[in-house]
Amino acid sequence: MPFLGQDWRSPGQSWVKTADGWTQSLLCVIHSFCKKDDHNKENLFNSLNYDVAAKKRKKDLLNNKAKTQYFHQEKWIYVHKGSTKERHGYCTLGEAFNRLDFSSAILDSRRFNYVVRLLELIAKSQLTSLSGIAQKNYMNILEKVVQKVLEDQQNIRLIRELLQTLYTSLCTLVQRVGKSVLVGNINMWVHRMESILHWQQQLNNIQITKPAFKGTTFTDLPLCLQLNIMQRLSDGRDLVSLGQVAPDLQVLSEDRLLWKKLCQYHFTDRQIRKRLILSDKGQLDWKKMYFKLIRCYPRKEQYGDTLQLCRHCHILSWKGTDHPCTANNPETCSTSLSPQEFINLFRF
């Protein structure tokens, strides 16, 4: 039986049923209009091919538009690493990156640092494992992150480090384009690298505006409250930057107990004992020890919200996202994943 729609096996003309059997409508129409002038024939062919041309233009626009973001209705993904009778194939990092709605996650302050860390890990080692669509989504999400930082004027150093990591990786990978390590032509990736340089320049030229708020400021608080707030900072570089704001804050930022708690938060006692540094007064210099420890060991990562993996149905989703789980109590089956653990899920 002849097909009824467009197919790769033929030009895709429509078929109609007549008394003599099935026949192509194109031949019928041409036969009925064969006695008309050439102008009418040209209009006829244009009208018959209009739908095909319209669909092709729509597809080309979708593929070539740089700002296009690919969305899926479900905000979860089933993670499977092998073929079964029910499922064929396996889940890839690029597929998960497209399905888990990272564009909306960066707007949530609880998920922002998690997404940025994940983007950094992908830039370091997993960029070549992304499909063409996933790589396009990666750059679109990165652009949204930069625009958010320029508007909020927060997390500037974090994004600078991300852009520098990505640019360094691309400089290495672009030199090997002939070995098919990246999806796309060299001109596309050169354009993306130029965009990264432009974003870096924007971040370097950013001017922090003083808020118009005239109420109580941080320096107006009692010293004990200032020190208590500073103990909530998990990055020693933030303490150093805060100490450069005012002379009083400089004194607080050098507090030994503050740096001791910071070292104990990120590192184990065994790691600390291997990197002891004494000051001129014979006391432990916790500040110098901290910056030496971060060069030797990874810091402890803590995020407000993370991706969750259901141990019962092997579905990956953001916390609070409904997924089709058959467990009696799905909340007890969920396990939080760090960015590195998320990457490790897709290493085969």
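Residues numbered from 1 in each chain as written. Predicted model: local features only at pLDDT ≥ 70, side-chain atom pairs only at ≥ 80, totals over all residues. Heavy atoms only, no water.

### Concerning unusual backbone geometry
So, point 1. Within the chain, D101 stands out as a residue other than glycine whose phi angle is a positive 55°.
So, point 2. Relative to the elements of secondary structure, D101 occurs in the loop between helix 4 (93–99) and helix 5 (102–105).
So, point 3. When its relative accessible area of 17% is taken as the criterion, D101 is described as buried.
So, point 4. With phi around 60°, N155 is a residue other than glycine that occupies positive phi space. (Helix = DSSP H or I, 4+ residues; strand = E, 2+ residues; numbered from the N terminus. Buried < 20%, exposed > 50% of the residue type's maximum accessible area, 1.4 Å probe, protein only.)

### Observations regarding the nonpolar core
So, point 1. The biggest cluster of nonpolar side chains holds 53 residues, and the ones touching the most others in it are F102, Y138, L316 and F342.
So, point 2. When residues in this core are grouped by element, the largest group, nine residues, is from helix 6 (residues 109–126).
So, point 3. Formed by 17 residues, the second largest nonpolar core is a distinct cluster that contains L227, M230, L258 and C263. (Core = buried A, V, L, I, M, F, W, Y, C linked by side-chain atoms within 4.5 Å.)

### Here's the deal with the layout of surface pockets
So, point 1. A volume near 1,300 Å³ is recorded for the largest pocket.
So, point 2. Lining of the largest pocket is provided by 31 residues; of these, R157, L158, D235, R237 and R299 occupy positions nearest its centre.
So, point 3. Contributions of two or more residues to the lining of the largest pocket are made by helix 6, helix 8 (156–174), helix 11 (236–243), helix 13 (256–266) and helix 15 (286–296).
So, point 4. With five residues, the single largest contributor to the lining of the largest pocket is helix 6.
So, point 5. Here the lining of the largest pocket is built from residues that sort into eleven nonpolar, seven polar and 13 charged.
So, point 6. Of the domains in this structure, domain 1 (91–205) and domain 2 (235–296) are the two that each give at least three residues to the lining of the largest pocket. (1 Å grid on protein atoms, 1.4 Å probe; cavity = no way out; pocket = protein on both sides within 12 Å on 5 of 7 lines; lining within 4 Å. Points joined across faces, edges and corners; volume = space filled by probe spheres on them. Nonpolar A, V, L, I, M, F, W, Y, C, P; charged D, E, K, R; others polar. Domains from an automatic or database assignment.)

### Some points on helix 10 (residues 223–230)
So, point 1. All buried positions along helix 10 are accounted for by Q226, L227 and M230. Along the axis of helix 10, the buried residues cluster in a sector spanning 95°; they form a single face.
So, point 2. Those residues of helix 10 hidden inside the fold are in contact with helix 11, helix 12 (247–253) and helix 13. (Arc of directions from axis to C-beta. Contact = heavy atoms within 4.5 Å.)

### Details of the packing of helix 11 against helix 15
So, point 1. Relative to each other, helix 11 and helix 15 sit at 135°, their axes nearing to 11 Å. Between helix 11 and helix 15, the angle falls in the class oblique. Contacts between helix 11 and helix 15 involve G236, R237 and V240 from the first element and K287, Y290 and F291 from the second.
So, point 2. Class assignment for the residues of the contact of helix 11 with helix 15 results in three nonpolar, one polar and two charged. (Axes fitted to C-alpha atoms, helices over the stretch in contact; angles between N-to-C directions. Parallel < 35°, antiparallel > 145°, perpendicular 65-115°, else oblique.)

### Overview of the pattern of salt bridges
So, point 1. This model, assessed by the stated rule, comprises 14 salt bridges.
So, point 2. A salt bridge links E120 to R117; the shortest N-O distance between them is 3.4 Å. Highlighted residues: E120 and R117, both in helix 6, separated by three residues, approximately one helical turn.
So, point 3. Between K288 and D285 there is a salt bridge; the shortest N-O distance is 4.0 Å.
So, point 4. Via salt bridges that share partners, R157, E161, D235, R237, D238 and R299 belong to a single interconnected network. (Salt bridge = Lys/Arg side-chain N within 4 Å of Asp/Glu carboxyl O.)

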